[in-house]
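A closer look at the structure
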Amino acid sequence: RVADRSLMVEVGSGTLLAADSQDPLQKKKKIVILGTGWGGISFLKTLDCKLFDVQIVSPRNYFVFTPLLPSVTVGTVEARSVTEPIRRIIRKKDAEFHEAECIKIDPENKQVICKDVSELDFERKPEFALDYDYLVIAVGATSNTFGTKGVDEYCHFLKDVEDAEKIREQVVDIFETASLPHLSPEVRRNLLSFVVVGGGPTGVEFSAELHDLVHEDLLCLYPHLKDNVTITLVQSGDHILNTFDKRISQFAEKKFQRDGVHVKIGCRVLEVTNKHIRFKSKDTGQLVDVPYGMIVWSTGIRTRPVITDFMKQIRQENRRVLATDEWLRVKNCEGVYALGDCASVEQRKIVEDIADLFKLADKDNDGYLSAAEFVSTMEGVRVRYPQIDLYMNHNHMKGVIGLLDEAMNAGDQGTTKLDLEHFSAAISKVDSLMKCMPATAQVAAQQGTYLARSFNHFAQGKPAEGPLHIREQGHHRFHPFCYKHLGSFAPLGGETAAAELPGDWVSIGRSTMWLWYSVYASEQVSWRTRALVMFDWTKRFIFGRDSSR
Ligand code: FAD
Ligand code: MG
Ligand code: MG
Ligand code: MG
Ligand code: MG
């Protein structure tokens, strides 16, 4: 019974907005959303704004479709086509937007302090405070330089539309400058040396786009520069695209080799000066200085200062990222939720509860689990631990009976009853497929939708039914957030792309690029941006990329 209760509490903590059933006379609860990126916007789009008093704060009054940013850097797609104004998104919603940056979160007083980001020169107080009942943090992250000297001064990042536009301008600038008659061949070559740091999807896609730009468009317009352009991709790991399937990363490496993109694997950048970038090969220890005309730095993300400060206040200072539980509630802080790149979900391992689970399952208290005891318990807790379903799907099992078979048949001659040791051995395997959720738009968007649906449901005080619910002894509770990976793409240039789809399915080639076009067209936030993006693609097919600054 005790075990029963403790597990119930754990499961029961899925009650998101406890004691909050709607009294029509009661004032609407205030929700403040920080950020208008993937997480913030997907939350906002799903939230029923009539049920709450909703305020959104972000220093940018638009949403950016980040997967197309690498295309913006070379003019395949225009910057305006990948952004959607927030004011258009909330036009028919009951929500208020404030263009400002949150500079402090004050959980004690349930307040956020914001600062206006306008450069208008007239007298005013730049800061204001907003009260909240629920705070949804979706501020994303910044680029990580790992403290490497010179990166902030001399490198471009690729996080936002402004970054992409700056890169585009500089590429054209470099080609025009390199065409001037008075340059020495060496200066010309150095100027036309492009370096990309980071062999993840963004770095690889940017290198591929840059290669296409140079070979499909610029070399017709600047034929005299043909033999002077180099593209170098520096990656500290052993392979580029190392989070992808091996077949994809090998294909990408081979393709880059054929295309003449220099891939430097196992190299760590030590410093960047105004003339060259210096890196060290891990294997040989050799130092290499490469002169450059432009560097794009894309090596991962880091927590924003406002979040680091918030983490100190809520005793999370020893962590690298803000931690939430599986209901996206920030740990140690009531009423605050976080999602997307600024937070990470601490998923509960089933081994951590193994003793409790065993006690709960062993209804007759004989120290063994019968088949019936095993099955009914696992059925009861499978929503609490999404890894159970993940494991069963992965091993093509039909329900928890499969798990039972596996547990009973482990060992030499098999058994008909499980003791704690057998039970742990069988169940701990289930945790092995649990993965950290990646920092992607896909995760942020699914989290936003999940959280908004939970909010809607509780605020409506509706009978809790539907896919989000666990029904247990008359109580309705929410499922923990469970990420569904729908696959990932890596465009590799020359109208080829690689895709990794669920179920170990890898596809590489031109048809995959068409799949990419159709998926990204359909994922657009509005018909307006969808039309703009498709128009840009068509324009590019017919006329090539625009090389004017
Ligand atoms: P963001 O989308 O970064 O949004 C953060 C928001 O918070 C922004 O609106 C920002 O202005 C705002 N903000 C910042 N500071 C504050 C503050 N102090 N107060 C208030 N608001 C603030 N993912 C994929 O799944 N597929 C892809 O193909 C893909 N391609 C990518 C390509 C590029 C070039 C980049 C940079 C990223 C790509 N990603 C991709 C990753 C994806 O963009 C991120 O994982 C996603 O944007 C995370 O969403 P978010 O809401 O957490 O943060
Ligand atoms: Mg966001
Ligand atoms: Mg964004
Ligand atoms: Mg981000
Ligand atoms: Mg028993």
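This text gives an overview of the structure that appears in the document. Here, residues in each chain are numbered from 1, in the same order as that chain's written sequence. By the order in which they are written, chains take letters starting at A while ligands take numbers starting at 1. For this predicted model, a pLDDT threshold of at least 70 governs which residues receive local features, and a threshold of 80 or more governs which side-chain atom pairs are given and counted, while totals over whole chains, interfaces and linings are taken from all residues. With hydrogens and water stripped out, all remaining heavy atoms of the structure feed into the side-chain values.

**Some words on the sheet that holds strand β24 (residues 488-493)**
In this analysis, strands are considered paired if DSSP registers two or more bridges between them. The helix and strand labels rest on DSSP assignments: H or I over at least four residues marks a helix, E over at least two residues marks a strand, and numbering proceeds from the N terminus. Read from one edge of the open sheet, three strands run β24-β25-β26, paired in antiparallel fashion. A strand with exactly one partner marks an edge of an open sheet, and here the two such strands are β24 and β26 (505-509). Looking at each pair of strands side by side, their axes are set apart by 10° on average, direction ignored. Note that β24 and strand β25 (residues 496-501) share five bridges and pair antiparallel. Only the stretch in contact is used when fitting a helix axis, every axis being a line fitted to C-alpha atoms; angles between N-to-C directions are given from 0 to 180 degrees.

**Overview of the pairing of strand β2 (residues 52-58)**
For β2, the tally of buried residues reaches six of seven residues, placing the bulk of the element in the interior. Orient the strands so they point away from the viewer; a crossover is then right-handed if the path from the first strand over the helix to the second runs clockwise. Handedness of the crossover is the feature at issue here: the chain leaves strand β1 (residues 29-34), passes through helix α2 (residues 38-46), returns alongside β2, and the resulting connection is right-handed. Pairing of β2 with strand β5 (residues 95-106) involves five bridges; the strand directions are parallel. Within β5, the residue paired with V57 across the bridge is H98. Only protein chains enter the calculation, and the probe is 1.4 Å; a residue is then buried if its accessible area is under 20% of its type maximum, exposed if over 50%, and partly exposed in between.

**Structural notes on the nonpolar core**
In globular proteins that are soluble, nonpolar side chains generally tend to be buried together. By nonpolar core is meant a set of buried Ala, Val, Leu, Ile, Met, Phe, Trp, Tyr and Cys residues that side-chain atoms within 4.5 Å join together. Of all hydrophobic cores here, the largest spans 98 residues; its most connected members are L44, F175 and F194. For this core, the leading source of residues is helix α16 (residues 441-460), giving nine residues. Boundaries between domains were set according to an automatic or database domain assignment. Counting residues domain by domain, this core receives three or more from each of domain 1 (12-141 + 303-346 + 438-478) and domain 2 (151-301). If near-sequence neighbours (up to four positions away) are discounted, F194 is found in contact with V171, I174, F175, L210, V229, T230, I231, T232 and M294. In this description, contact between two residues means that some pair of their heavy atoms is separated by no more than 4.5 Å.

**Section: the site of ligand 1**
Nearness is judged by heavy atoms alone; a residue qualifies as near a molecule or strand once a single heavy atom is within 4 Å of it. Neighbouring residues of ligand 1: 31 residues in total, closest G39, T66, C102, D341 and A441. Distance and chemistry together define a polar contact, namely a pair of N or O atoms within 3.5 Å, with one atom able to donate a hydrogen and the other to accept it when in protein, and with adjacent residues in sequence counting only for side-chain atoms on both sides. Within the backbone of G39, one N or O atom sits 2.7 Å away from an oxygen atom of ligand 1. Protein chains bury 87% of the 980 Å² of accessible surface belonging to ligand 1 in isolation. Elements with a minimum of two residues in the shell around ligand 1: α2, β2, α3 (69-73), β5 and α16. A total of three residues in the shell around ligand 1 trace back to one element, the largest contributor, which is α16. In the scheme used here, Gly and all other residues not listed as nonpolar or charged are polar, with Ala, Val, Leu, Ile, Met, Phe, Trp, Tyr, Cys and Pro taken as nonpolar and Asp, Glu, Lys and Arg as charged. Looking at the shell around ligand 1, its residues break down into 15 nonpolar, eleven polar and five charged. Each of domain 1 (12-141 + 303-346 + 438-478) and domain 2 (151-301) accounts for three or more of the residues forming the shell around ligand 1. Note on areas: Shrake-Rupley, 1.4 Å probe, and residue coverage restricted to the protein chains presented here.

In short, shape yes, function no, at least from these values alone.
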